[in-house]
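# Per-entry structural report
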Amino acid sequence: MVSFVFYYFSLLNNLMMHTKLSNRINKLPVSQTLAMAAKARVLKAEGKDIISLSLGEPDFNTPDFIKEAAKKAIDDNYNSYTPVNGYLSLREAIANKFKRDNLLDYTTNQIVVSTGAKQSLANVVMVLVNPGDEVLLPAPYWVSYEAMVNLADGVPVPITTSIKSNFKITPEQLEKAITPKTKLLFFNSPNNPSGSVYSEEEYRALAKILEKHPNIYVISDEIYEHILFEGTNFSFARIKNMYDRTITVNGVSKSFAMTGWRVGYIGAPEWIAKACTKMQGQITSGTNCIAQMATIAALEASVSKIKFMVDEFKVRRTLILDLLSQIKGFELNKPEGAFYVFPNISYYFGKTIQGIKINNASDFSMLILEKANVATVTGEAFGAPNCIRLSYATSQKLLTEAIKRIAELLK
Ligand code: PMP
Ligand code: GLU
């Protein structure tokens, strides 16, 4: 009885707090990737033997040469506020990186460094999107894109794909989705969550459609550019008529195993870079000084220094595809980049497993968590409700064990 009364009052209290919060925060969904990772952590702390395939985070240590640069920055007394758009020396390193890796010419005035690519993306949405503007989201898309658009009172317009098109949109689909209200297209290759990579020809075919609509801007999120197993990476801004309306987004989280350091950046037309700097100047100021110095070391190094991680991800990709393909009802595409697999598991919808009825991908993901102790993320969070996402940024041993558990549960 006492606990019931306590529960009742705490519920009431939560509800009252809720109504005091702004509509903006009340309608903002929690990030499903972060929520699932947090849930897995809590269950682990409670003593459950959870294997987390939820978070997209390399399981490697940040390479030593980057850590050394950070230590040196501390000893050299890098401790003051930094320029809002980032140290000039870092923006020079980024300009060189864009030239070296992407054949893109950006001056240091076109570059803004932020606290993670997540902030870079949020800045761009906030400075470009007016209430009612439509933003095209090829689905599946990374969870936070839609939330950012909603925060700016824009209208997310998903462009649905399926495993049959390798989760890629066609020029015809793009053309159909465009209206006079379209302001922005989010583009992400290699893609989180599908791992799909667009070829140069595919980029150019999409650009042909966009050429007819000069008022549409493109965010090209290239954060997984180096985690690529086949082919080469291309960039929207490489296309002549797209350069002036493309914002190229990148960061060090994925390629350099630096997720916690929080450094992302954009290369963009100067007026957009200036606007992002103004936005950031009122919200967070310049990025952490030590992390910026470490990022210079990361970006100036040869890409060959991180090849060992990419090689390992490639081995794991083969392993997880091999293991999952032996489970009934898992329809798979072959990811060419990033470190996720995104199987269609709709075969299980309507079925009851260990007393739990599976109505959708969220139910399936929860079933796996509760009964197999494996954390994944529901495809609903990525605008693809027939799929779940498994991150293979974890050891081969844990991957093998995780898939074995899933297979046993579904047998
Ligand atoms: N874009 C994509 C597609 C991502 O998967 C992530 C991962 N968090 C980000 C952007 C943001 O990366 P970060 O903020 O760690 O730089
Ligand atoms: N990008 C990663 C993921 O998709 C990290 C979590 C996040 O920032 O959403 O899992």
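In the block above lies the structure referred to throughout.
Residues numbered from 1 in each chain as written. Chains lettered and ligands numbered in written order. Predicted model: local features only at pLDDT ≥ 70, side-chain atom pairs only at ≥ 80, totals over all residues. Heavy atoms only, no water.

## Some points on the sheet that holds strand β3 (residues 134-139)
- Strand order in the open sheet formed by seven strands is β2-β8-β7-β6-β5-β3-β4, and the pairing between neighbours is mixed. At either margin of the open sheet sits one strand with a lone partner, and together these are β2 (111-114) and β4 (155-160). Averaged over all neighbouring strand pairs, the angle between strand axes comes to 20°, with direction disregarded.
- In the sheet, strand β7 (residues 246-251) pairs with strand β8 (residues 264-267) via four bridges, with the strands oriented antiparallel. Paired with valine 249 across the bridge in β8 is isoleucine 266. (Pairing = 2+ DSSP bridges. Helix = DSSP H or I, 4+ residues; strand = E, 2+ residues; numbered from the N terminus. Axes fitted to C-alpha atoms, helices over the stretch in contact; angles between N-to-C directions.)

## Here's the deal with the pattern of salt bridges
- On inspection of all chains with the given rule, the structure shows 18 salt bridges.
- Between arginine 204 and glutamate 200 there is a salt bridge, with the nearest N and O atoms lying 3.0 Å from each other. Placement of both arginine 204 and glutamate 200 in helix α9 (residues 200-211) is noted, with a separation of four residues, approximately one turn of the helix.
- Under the relative-accessibility criterion, arginine 204 is labelled partly exposed at 37%.
- Residue classification places glutamate 200 among the partly exposed residues on the basis of a relative accessible area of 31%.
- Here the salt bridges share partners, and the residues they tie into one network are Asp49, Glu401, Lys404 and Arg405. (Salt bridge = Lys/Arg side-chain N within 4 Å of Asp/Glu carboxyl O. Buried < 20%, exposed > 50% of the residue type's maximum accessible area, 1.4 Å probe, protein only.)

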